[in-house]
Amino acid sequence: MFWNKFKKKKENQFKCSTCGKVHEELASIGFKTPFHYDILSDKEKSEIAEISDDFCVINHPDQTDRFIRTVLNLKTENPSEELIYGVWVSVSEKSFNEYKSNYNTQTEEKIYFGIICNEISDYEESTIGLHVNVITRLDDLRPEITPHKSNHKLVTDWENGITLHEAYSRIEKIL
């Protein structure tokens, strides 16, 4: 997992340890790779996997897994603040190929079915395997995901939002 590394400066301000600038918005929390890539051996990573900042393909002998990088936005009580998780989602071969072929030339939004492939530590129940809609966005923005209805706490948080205090608490836990 990675995150924008921030050191708390004062209330609602963070100094980014990556760029050195002070930001007033919430830090994003994200994953560099999908879980399925993380559990591969170094040999498997070099022999059967291809990964970039936005795409991952794992060619197992009996199947090929395809992942795209997306964002999950959780609302807070402050309408101008969202906690953003950068997560990897597994999609079908058809969806993967269509999205990848239109990656930099997207002229309309598309919706694909996907499955979350990262373990978001803020939840007791696993987030791997949660079903989502993947909504592509224009202007070279990563796709946004919307969870399907379920009793999972992540879905409840997505539907109802979280407090700003909870958002900062989640960021602080990572720091």
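Structure: above.
Residues numbered from 1 in each chain as written. Predicted model: local features only at pLDDT ≥ 70, side-chain atom pairs only at ≥ 80, totals over all residues. Heavy atoms only, no water.

Draft legend 1. Summary view of the packing of aromatic side chains. For the structure shown, the criterion picks out four aromatic pairs. When the ring of Phe-55 is compared with that of Phe-96, the centres are 5.6 Å apart and the planes differ by 80 degrees; the resulting orientation is edge-to-face. You can see Phe-55 sitting in strand E7 (residues 55-59) and its partner Phe-96 sitting in helix H3 (residues 93-101), a full 41 residues away along the chain. Residue Phe-55 is classed as buried on the basis of its relative accessible area, which comes to 9%. Judged by centre distance (5.7 Å) and plane angle (45 degrees), the ring pair of Phe-55 and Tyr-99 falls under tilted. You can see Phe-55 sitting in strand E7 and its partner Tyr-99 sitting in helix H3, a full 44 residues away along the chain. Put simply, the rings of Phe-55, Phe-96, Tyr-99 and Tyr-103 pair up and form one aromatic cluster. The positively charged end of Lys-100 is found above the aromatic ring belonging to Phe-55, 5.1 Å away from the centroid. (Phe/Tyr/Trp six-rings, centres within 6.5 Å; stacked < 30°, edge-to-face > 60°. Helix = DSSP H or I, 4+ residues; strand = E, 2+ residues; numbered from the N terminus. Buried < 20%, exposed > 50% of the residue type's maximum accessible area, 1.4 Å probe, protein only. Lys NZ or Arg CZ within 6 Å of the ring centre and 35° of its normal.)

Draft legend 2. Helix H5 (residues 164-174), seen in detail. When H5 is considered as a whole, its buried residues turn out to be Leu-164, Ala-167, Tyr-168, Arg-170, Ile-171 and Ile-174. Buried residues of H5, seen end-on, are gathered within an arc of 155 degrees and therefore sit on one face of the element. In H5, those exposed residues whose orientation departs by more than 90 degrees from the buried face are His-165 and Lys-173. (Arc of directions from axis to C-beta.)

Draft legend 3. The arrangement of the nonpolar core in detail. Residues Ile-58, Leu-83, Tyr-85, Ile-120, Val-134 and Ile-145 are the most contacted members of the largest nonpolar core, which totals 40 residues. Of all the secondary-structure elements, those providing two or more residues to this core are E7, strand E8 (64-75), strand E9 (82-90), H3, strand E10 (111-116), strand E11 (131-135) and H5. The residues touching Ile-145, leaving out its near neighbours within four places in the chain, are Thr-70, Val-71, Leu-72, Val-87, Val-89, Ile-116, Val-132, Asn-133, Val-134 and Trp-158. (Core = buried A, V, L, I, M, F, W, Y, C linked by side-chain atoms within 4.5 Å. Contact = heavy atoms within 4.5 Å.)

Draft legend 4. Just the pattern of salt bridges, in detail. Taken as a whole, this structure holds 10 salt bridges when the rule is applied. Asp-54 is the partner of Arg-142 in a salt bridge, and the nearest nitrogen-oxygen pair spans 2.6 Å. Separated by 88 residues along the polypeptide, Arg-142 in the loop between E11 and strand E12 (144-147) and Asp-54 in the loop between strand E6 (49-51) and E7 bring together distant segments of the chain. By relative accessible area, which is 10% here, Asp-54 ends up buried. For Glu-166, the salt bridge identified is with Arg-170, shortest N-O distance 2.8 Å. Here Glu-166 and its partner Arg-170 are both found in helix H5, four residues apart, which amounts to about one turn of the helix. Three or more residues joined by partner-sharing salt bridges are found here, namely Lys-153, Asp-157, Glu-166 and Arg-170. (Salt bridge = Lys/Arg side-chain N within 4 Å of Asp/Glu carboxyl O.)

Draft legend 5. Broad picture of the state of the cysteines. For the structure on display, the rule yields zero disulfides. Cysteine Cys-56 shares no disulfide, and the gap to the nearest cysteine sulfur, in Cys-117, comes to 9.5 Å. (Disulfide = S-S within 2.5 Å.)

Draft legend 6. Geometry of the environment of Trp-158. Residue position: Trp-158 is located in helix H4 (residues 153-160). Measuring from C-alpha to C-alpha, the distance between Trp-158 and Leu-72 comes to 8.4 Å, with 86 residues separating the pair along the chain. Ignoring any residue separated from it by four or fewer positions in sequence, one finds Trp-158 in contact with Leu-72, Asn-73, Leu-74, Lys-75, Ile-145, Thr-146 and Pro-147.

Draft legend 7. Up close: the environment of Ser-52. By the element assignment, Ser-52 lies in the loop between E6 and E7. Between the C-alpha atoms of Ser-52 and Lys-32, which are 20 residues apart in sequence, the distance is 9.2 Å.

Draft legend 8. The pairing of E9, seen in detail. Here two bridges tie strand E5 (residues 29-30) to E9, and the two strands are oriented parallel to one another. Counted as the bridge partner of Gly-30 is Gly-86 from E9. In terms of strand pairing, E8 meets E9 through nine bridges, oriented antiparallel. Paired with Ile-68 across the bridge in E9 is Val-89. The turn joining E8 and E9, which pair antiparallel and follow one another in sequence, is formed by six residues. As defined by bridge partners, E9 adjoins E10 across two bridges and the pair is classed as antiparallel. Bridging across to E10, Ser-90 finds its partner in Ile-115. (Pairing = 2+ DSSP bridges.)

That's the geometry; what it means functionally is another story.
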